[in-house]
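# Working through the structure, step by step
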Amino acid sequence: MTVSAAPAEAILEESRGSRPRRLRGSSDARAYGLGTITVVYLLWALVPVAITVLFSFNEGRSRSTWQGFSLRWYTWDPTGSVLNDESIRTALMHTVTLAIIATSITVPLGVLFALALDRWRGRIPAGANFLALITFVIPEIALAIGLLFMVTYLATPFGLGAWAQVIGLVTFQLAYPIVICRARLLTIGSHYEEAARDLGASAIGAVRRVILPMLFPAILVSATLVFADVLDDFVIVRYLSSDASTETTSMRIYQTARAAPTPALNAMATIILVVSTLVIVLGWLLYRRWLKRQGQATDLGSFAGNL
Amino acid sequence: MKDRSTRPLWPILGLPAIVWIVLFFFVPFYVVLCVAFGVVDPIFRSPIPVWNPLEWQFSQMGVVWDRLVGPDNFYLPAVIRTLVYVAIAVTSCLLIAFPVAYFTARYAGKYRGLVLALLIAPFWISYMMRMLSWINLLQPEGLVNTVITMGGLIPIDINWLSGNPFTVVMGLIYGYIPYMLLPLFAALDRISPSLIEAARDLGATGMDLFRRVILPMSVPGIVAGSLLIALPMMGDYFTSDMLSKSPNTAMIGNLVNLSIVTPGQAGQAGALLILVLLVLLAPMVLYTRSNAKAEVRS
Amino acid sequence: MVQPRRPLSRRRLLQTSALAVPGSWALAACARAQPLGGPTGAASASGGTAGGATSAPAELQIASPTNPVKWPINPGNEPIASGLEPESNATLRVYNYPDYLDKGVIKDFQKEYADYNVKVEYSSFNDYPEALTKIRSGSVPYDVTFMSYNYMARLVYGNLIRPLNHDYIPNISDVWEEFQNPWYDQGWQYTAPYVIYTTGIGWRADIIPEDIGARPDPYDVFWDSKYAGEIAVLDDDREVIGMTILRDGGTDVNTSDPAVLRATRDAMLEMLSISRPRVTITGYTDIPEGVLSLSQCWSGDMLTGQFYMPDGVDPSVLRYWSPPDGRGVIGNDFMLALKGGENPVMAHHFINYMLNDAVSRKNSSWIGYQPPLRSLTPDMMVADGLVPANLASAVVKPEWFQVGYPLLELSPEVETEYQAIWQQFKAGA
């Protein structure tokens, strides 16, 4: 799904506590009241998920009555567990594969476009940017059906299936890196690049060795967000899927939840949750590490040395 | 000193994305038009797209139009219902998200990072999984009913999953509220503390401060957040499908979905989609414009 | 760094739309000769395209018990030769309702044909219209599918199914002889029978103590506000329309009479406001779990429901009713080999395997539906304990096929009418 990117970056910056907050003169009662609302909201938002994770370790078949702790639905149930049910494993593999491929296409495409948009005036890039922003807010079903029709009625080299799903996902997510990187580029400004050019770098060299490194945090953030979002996507992958081998975990949850779900479903959802969390944490760690290293490399002197 | 040789660089960098957008956003949209304004073969009733705009047929659009405004307009209740659900859901999201975002921006202090991380968490917890959790809890013997009836003491008997519109609206709220929280938080965060202190120094307190300083400044964030969730919500069909399965809660997305899977009705699905997009065009443009303005301002 | 005020000016818009006409020529050149898969009627009318032409007649031939049909074998779609070896390393793609084939049976099949290293991939559809749309689009090379009468003519004329070579399917002798020459496929050229069923009403007796069958018109329970909010009808347009026609006293569930259809539509909308039913095929889990207390369902649903009971609830609370004289909706599903499949020989072997007496019994005990086996008479089913006493009414008697109402294929115009009714029903009151 979508979110305006500048806040995403801002959030990650803010949570490092870079700007101090003073509550001089504020009402404590108000703070506690709002705080309570926030806590209640967080509980409402996250407790159901915690329960789902909990029941993935349930001994019996029920998803609402606790029957004891067991890894049954992960390993030893003969037909239903994640290990033994091929359809669940296929769905997990396919979801992660789609996410990796889609992210690797979306992020470079978006970053390059953001760079171009920063410097290239004109109607064509502006029009394309406009369309990209529209994909942010358009109901996903419209995009999915458009691509479904295109694959069905035009002689595309691919049919429905993994490639169509990747294309749909990239198109839907393209706005993320564009918006995030563009916002970051606006903050960076043009003087670093100009300085590098003045010191003799070529246009491409300036971009490669000055701008891209400075852009890295934004690239990282967009890659993380896109990856997590693709893991979760439903409408596009559903309409563009072909047979059972192109099902994703969200599709499996949807189909099975309407029929006869067992805790294996919870197990599958938990695994995906773990994967996304790992990716997010990885992205976060890389981001912080990079920023720490940035502290040494931001001044122009070392840039001149590198050129 | 502008070097002329940099000029071709930027278009080349931007070209892949532009080609992609044209190929996979623009062209599909045109194909939808051609199918919606195409014909249907008489025996198998499969849609045949008509590529030349000059030869477009409007019969399928006519059918959909009739179902919306004609004498037998049975699409209209679903459309109205969707608008009502979305309005209620967006308003409720706002009422819940605003205090939470406000707290996080202004009062969280040293817990800010933690709270933010928890607020962002739903983004990477699959939407489907969150819905799944709720289906679980809303079962007749699930946790919600157990809590409400205090373990069977109070004889309230609500079947949440029986096509109850309340459940569907709650599902929408639950699913989309994280997407409103972040823009709202960002907007509230941007209000500089010195401005607030200045207002306080001038004598504004409490309700006054909120009404005359904070609220007006958060309007762009409210608008952006509302559009950001309202527009995708209009196309939602799986929330109603998973939590209700009753025609009494059918939304526009359900209508489109049904037409797609029914043989011979792809053209009608396309026509309905086009109408929906036309209606949503103004808010979509509004959103992109306000986004551009926000960029300029920052 | 300012974005232009108007990203899409009017002049630009006009310029772009002017591109539409020549652009459309370019697209037309890129269009597929046939939409992914099946040729359309229009293509065949113009004398066939690059793909195979269909022999679509001006009118589709509709089969019925009073009008048995022997389908043509289209040129280019002859049955495969006899004596061929099954394909090695095949991925046999089966397309069926969810939970409608025992996974254990699939594993057994793979073991039996382990020499050929076959892998079965099971995909599911929600209803026949969805299946037909997917099959026609040709997007997936399914090998075997399971269907009923609704689309036989379309499948044949659309060149979507493959005529069977009977040499590969000796197990046909395990099933009722009628199926070697059924009215919907004389000479069983394309089909092999799967299971038989009736459509009726299922419920849990501990939640609904009333004996639904004792009502003068049991179908009326869906227009009774007594159970509003806890009931469901099948997510199948033909079944719901059929039931409404029967409730109103009609007997032609395939009628094209506009007056009857209008009345049916009004009754269905009335149903929505009176009893607010859900629309789903998952009654076989929802009723056992208590999410629903009553649903329109197929006879096998309650039988398989026994395995979905939550802990602590005895399966004997399940009930099923269908007209005891057999004058209700009755039908059978059958297996088809799809022309688009990549493993025709293995598909034949699969069909043959499913017809086998022992395999069929094992499959049925899991999916709940009754196989038309020679060795299995209805009286035996209860006596041998295959069917519990509380669900004896779910057993299908062969003589019912003489008086029951099958859901037949509809001509395109009539089908459009039915679709419109269903659309209106699903759009909500």
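Here the residue index of a chain counts from 1 through its sequence in written order. Here every chain gets a letter starting at A, and every ligand a number starting at 1, in the order they are written. In keeping with the predicted nature of the model, local features appear solely for residues at pLDDT of at least 70, side-chain atom pairs appear and are counted solely at 80 or more, and the whole-chain, interface and lining totals rest on all residues. Working from all heavy atoms in the structure, the side-chain values ignore hydrogens and water.

Our focus in this paragraph is the overall build of chain B. In terms of helices and strands, chain B carries 12 helices and two strands. Only DSSP runs of H or I with at least four residues qualify as helices, and only runs of E with at least two residues qualify as strands; both kinds are numbered from the N terminus onward. Listing each helix as α and each strand as β along chain B from the N terminus yields α-β-β-α-α-α-α-α-α-α-α-α-α-α. Only C-alpha atoms enter the radius of gyration, while the globule expectation follows 2.2 Å times N to the 0.38, with N the number of residues. Its C-alpha atoms give chain B a radius of gyration of 24 Å, clearly above 19 Å, the size a compact globule of 298 residues would have. Projected onto its principal axes, the C-alpha positions of chain B cover 80 × 75 × 35 Å. Buried residues are those whose accessible area, probed at 1.4 Å on protein chains only, stays under 20% of the maximum for their type, while exposed residues exceed 50% and partly exposed ones sit between those limits. Of all 298 residues assigned to chain B, the portion counted as buried reaches 64%. Residue contacts follow a heavy-atom distance rule, with two residues in contact if any of their heavy atoms lie within 4.5 Å. When contacts within chain B are restricted to residue pairs at least 6 apart in sequence, long-range pairs at least 24 apart make up 66% of them. We get accessible surface area from the Shrake-Rupley algorithm with a probe of 1.4 Å; when it comes to residues, only the shown protein chains can shield them. Surface summary for chain B: the accessible area is close to 11700 Å², and the carbon and sulfur share equals 71%. Taking the 18 positively charged and 14 negatively charged side chains of chain B as two groups, their mean positions are separated by 11 Å. A residue counts as positive if it is Lys or Arg and as negative if it is Asp or Glu; His and the chain ends are not included. Charge placement uses NZ in Lys and CZ in Arg. For Asp and Glu, CG and CD serve respectively.

Attention now goes to helix H11 (residues 249-258) of chain A. Spacing of three or four residues puts side chains on the same side of an α-helix, whose turn is 3.6 residues. Counting buried positions along H11 of chain A yields nine of 10 residues, so the element is predominantly enclosed. Buried residues of H11 of chain A: Thr249, Ser250, Met251, Arg252, Ile253, Tyr254, Thr256, Ala257 and Arg258 of chain A, and no others.

Attention now goes to the domain arrangement of chain C. All names here are of chain C. Throughout the structure description, domain borders are defined by an automatic or database domain assignment. Segmentation of chain C into domains returns domain 1 (18-196 + 332-397) and domain 2 (197-329 + 406-428). Each of domain 1 and domain 2 has a C-alpha centre, and these two points are 26 Å apart. In this description, buried area is defined as the sum, over both parts, of the accessible area (probe of 1.4 Å) that is lost when the two are combined. If you sort the residues of domain 1 by the area they bury against domain 2, Tyr369, Asn390 and Leu391 come out on top, with a joint share of 20%. Salt bridges, as used here, are contacts in which a Lys or Arg side-chain nitrogen is within 4 Å of a carboxyl oxygen on Asp or Glu. At the boundary of domain 1 with domain 2, the tally comes to two salt bridges.

Of the residues lining the interface, 99 residues belong to chain B; the matching set on chain A comes to 95 residues. Around 9200 Å² of area is buried between chain B and chain A when both sides are counted, 76% of it from carbon and sulfur atoms. The definition of a polar contact used here is a pair of N or O atoms within 3.5 Å, where within protein one atom must be able to donate a hydrogen and the other to accept one, and adjacent residues in sequence count solely through side-chain atom pairs. Put simply, chain B and chain A have eight residue pairs in polar contact (both at pLDDT 80 or more) between them. The leading source of residues in the side of chain B that touches chain A is helix H1 (residues 9-36) of chain B, at 19 residues. Residue composition of the side of chain B that touches chain A, grouped by class: 75 nonpolar, 13 polar and 11 charged. In this classification, Asp, Glu, Lys and Arg are treated as charged, Ala, Val, Leu, Ile, Met, Phe, Trp, Tyr, Cys and Pro as nonpolar, and every other residue, Gly included, as polar.

Our next topic: the nonpolar core. Joining through side-chain atoms within 4.5 Å is the link that ties buried Ala, Val, Leu, Ile, Met, Phe, Trp, Tyr and Cys residues into a set, and such a set is a nonpolar core. If you look at the biggest cluster of nonpolar residues, it comprises 216 residues, and the most contacted ones within it are Phe149 and Leu215 of chain A together with Val31 of chain B. Broken down by element, the residue count for this core peaks at 17 residues, all from H1 of chain B. In contact with Leu215 of chain A, other than residues within four places in its own chain, are Val111, Leu115, Cys181, Arg184, Leu185 and Ile188 of chain A. Phe44 of chain B together with Phe125, Ile169 and Leu338 of chain C belong to the second-largest nonpolar core, a separate cluster that totals 95 residues.

Within the element layout of this structure, Asn164 of chain B appears in the loop between helix H6 (143-148) and helix H7 (165-190). The contact partners of Asn164 of chain B, leaving out residues within four places of it in the chain, are Ile158, Asn159 and Thr249 of chain B.

A separate point is the interface of chain B and chain C. With 46 residues of chain B at the contact, the number on the chain C side is 53 residues. Carbon and sulfur atoms supply 59% of the area that chain B and chain C bury against each other, a total of about 4000 Å² over both sides. When residues of chain B are sorted by the area they lose upon contact with chain C, Ile43, Phe44 and Lys245 of chain B head the list and together hold 18% of the total. Between chain B and chain C we count two salt bridges in total. For Arg265 of chain C, the salt bridge is made with Asp72 of chain B, and the minimal N-O distance between the two is 3.1 Å. If you look at where chain B meets chain C, you find 14 residue pairs in polar contact (both at pLDDT 80 or more). Take the side of chain B that touches chain C: its biggest share by element is five residues, from helix H11 (residues 252-261) of chain B.

Now for the pairing of strand E3 (residues 144-147) of chain C. Residues and elements named next belong to chain C. On E3, burial covers both faces: Val144 and Phe146 on one face and Thr145 and Met147 on the other are all buried. By this definition, two strands are paired if DSSP reports at least two bridges between them. Relative to E3, strand E1 (residues 91-96) runs parallel, the two sharing two bridges. Residue Val94 lies in a different strand from E3, and its bridge partner there is Val144. Note that E3 and strand E10 (residues 330-338) share four bridges and pair antiparallel.

To continue, consider helix H7 (residues 237-247) of chain C. Residues and elements named next belong to chain C. Taken across its 11 residues, H7 has 11 buried, putting it largely inside the fold. All of the buried residues in H7 are Asp237, Arg238, Glu239, Val240, Ile241, Gly242, Met243, Thr244, Ile245, Leu246 and Arg247. Those residues of H7 hidden inside the fold are in contact with strand E5 (191-204), strand E6 (231-233), helix H8 (258-275), strand E8 (294-298) and helix H15 (412-426). The N-terminus of H7 is capped by Asp236, whose side-chain oxygen sits 3.1 Å from the backbone nitrogen of Arg238. Phi for Gly249, located one or two positions after H7, is positive at around 95°.

Residues and elements named next belong to chain A. Nonpolar side chains collect at one region of the surface, where Leu54, Trp66, Phe69, Leu71 and Trp76 lie side by side and expose about 570 Å² of accessible area between them. With respect to the helices, strands and loops of the structure, Leu71 is situated in the loop between helix H2 (28-55) and helix H3 (86-119). Residue class for Leu71 comes out partly exposed when judged on its relative accessible area of 42%. To count toward a patch, a residue needs a relative accessible area over 30% and no salt bridge; like charges are then connected within 9 Å, while nonpolar side chains (Val, Leu, Ile, Met, Phe, Trp, Tyr) are connected within 5 Å.

Quick look at the confidence of the model for chain C now. If pLDDT is low for a region, its predicted coordinates should not be looked at in detail. Residue and element names in this part refer to chain C. As a per-residue measure, pLDDT tells how confident the predictor is, with possible values from 0 to 100. Residues at a pLDDT of 70 or more form 87% of chain C, whose mean pLDDT is 86. Below pLDDT 50 for its whole length, residues 1-8 participates in 14 contacts with residues either more than four positions away or in separate chains. In this model, residues 37-54 is a region of pLDDT below 50 whose contacts with residues beyond four sequence positions or in other chains number 30 contacts. Scored as a complex, the prediction yields pTM 0.84 and ipTM 0.85.

Time to look at the environment of Gly340 of chain C. Residues and elements named next belong to chain C. Among the secondary structure elements, Gly340 is positioned in the loop between E10 and helix H11 (344-355). Once the C-alpha coordinates of Gly340 and Tyr142 are considered, the two residues, 198 residues apart in sequence, prove to be 6.4 Å apart. Each residue touching Gly340, except ones within four places of it in the same chain, is listed here: Pro141, Tyr142 and Leu160.

As a further point, take the packing of aromatic side chains. Residues and elements named next belong to chain C. Geometry of aromatic contacts follows a simple scheme: Phe, Tyr and Trp rings, the Trp one being its six-membered ring, pair when their centres are within 6.5 Å, and the pair is stacked under 30 degrees between planes, edge-to-face over 60, tilted otherwise. Across all of its chains, the model carries 48 aromatic pairs over all chains by this definition. Taking the centre distance of 6.1 Å and the plane angle of 55° together, the rings of Phe125 and Tyr128 count as tilted. One exposure class covers both Phe125 and Tyr128, and it is buried. In textbook terms, an aromatic cluster arises when at least three aromatic residues are bridged by ring pairs, as seen for Tyr95, Tyr97, Tyr100, Phe125, Tyr128, Tyr142, Phe146, Tyr194, Tyr197, Trp298 and Tyr369. The positively charged end of Arg247 is found above the aromatic ring belonging to Trp223, 4.1 Å away from the centroid. Throughout this description, the term charge over a ring refers to an Arg CZ or Lys NZ atom that lies within 6 Å of the ring centre and within 35 degrees of the ring normal.

Another point: unusual backbone geometry. Residue and element names in this part refer to chain C. Here the phi dihedral of Asn117 falls at roughly 55°; this positive angle occurs in a residue that is not glycine. The phi dihedral of Trp188 falls on the positive side, at around 30°, and the residue is not glycine. Looking at the secondary structure, you find Trp188 in the loop between strand E4 (161-162) and E5.

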